[in-house]
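Topology and contacts: notes
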Amino acid sequence: MGETELEGRTASPLLRLLRLPNLLTVPGDPVAGFLLACAGHAPAAAPLACAAASSLALYAFGLILNDLADRETDARERPERPLPAGEIAPTPAWLAAGAALLAGLGCAACAGRAALAVAAALAAAVALYDLALKRCRGLGVAAMGLCRGLSLLLGAVAARPELAVRPDAAAAPALVAAAGLALYVMAFSAVARRE
């Protein structure tokens, strides 16, 4: 076994399954949405923390679900990953995915019903992408973009729950940013798939 392989295996299999460095990029979307929605309003720290934690947990849910759905492909192409390497069995991985999903929805619920509704839509989009759409060229990139847009929107409705039912002019920056992020990720993903 080479030195780089040994270094990769020093982290716990669960942390490698979660691709820990990637998790650091996740809170930026709900934080941006929260700050955009708070323009002109006094921000509250608790809903922001709940939205960021929800987004992190739902991202973890998606990573685990992705690897569970790709076990056969990973066994051929990425056998060093924790599931095909046998370091984590499928049943504990499914349990971890379920726990991450419940944690994500629970954190969102702490930010209010509007945040919970957006988090539920995000979880559904993640599951659809991982289990069905990622191999469909157009639908896969659309689902990926939708996930990022919903993550930003999660922060916005955590800041101002009324935006979910009565968007006003003050909501425009957050809504435009969510749509823009979704479109950017769709375009970037479409280009990346061609390479």
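Right above here is the structure, for reference.
Residues numbered from 1 in each chain as written. Predicted model: local features only at pLDDT ≥ 70, side-chain atom pairs only at ≥ 80, totals over all residues. Heavy atoms only, no water.

1. A closer look at the environment of L63
Position of L63 relative to the elements: it lies in helix α5 (residues 45-69). With 46 residues separating them along the chain, L63 and L17 place their C-alpha atoms 7.3 Å apart. Excluding residues that lie within four positions of it along the chain, L63 makes contacts with L17, L18, R19 and L23. (Helix = DSSP H or I, 4+ residues; strand = E, 2+ residues; numbered from the N terminus. Contact = heavy atoms within 4.5 Å.)

2. Thoughts on the packing of α5 against helix α8 (residues 113-133)
Running from N to C, α5 and α8 point in directions that differ by 20°, and their axes come no closer than 9 Å. The pairing of α5 with α8 is recorded here as roughly parallel in orientation. Between α5 and α8 lies a crossing whose hand is right-handed. Across the interface between the two elements, S54, L58, F61, G62, L65, N66 and A69 from α5 touch A119, L122, A123, V126, A127, D130 and L131 from α8. (Axes fitted to C-alpha atoms, helices over the stretch in contact; angles between N-to-C directions. Parallel < 35°, antiparallel > 145°, perpendicular 65-115°, else oblique. Left-handed = near helix turned anticlockwise from the far one by under 90°.)

3. Some details on the nonpolar core
Counting residues in hydrophobic clusters, the biggest one holds 34 residues, and the most contacted among them are F61, I64, L83, A93, L122 and L154. Elements with a minimum of two residues in this core: α5, α7 (90-110), α8 and α9 (137-159). Counting residues per element, this core draws most heavily on α5, which supplies nine residues. Other than its neighbours up to four places away in sequence, F61 contacts A97, A100, L101, A123, V126 and A127. (Core = buried A, V, L, I, M, F, W, Y, C linked by side-chain atoms within 4.5 Å. Buried < 20%, exposed > 50% of the residue type's maximum accessible area, 1.4 Å probe, protein only.)

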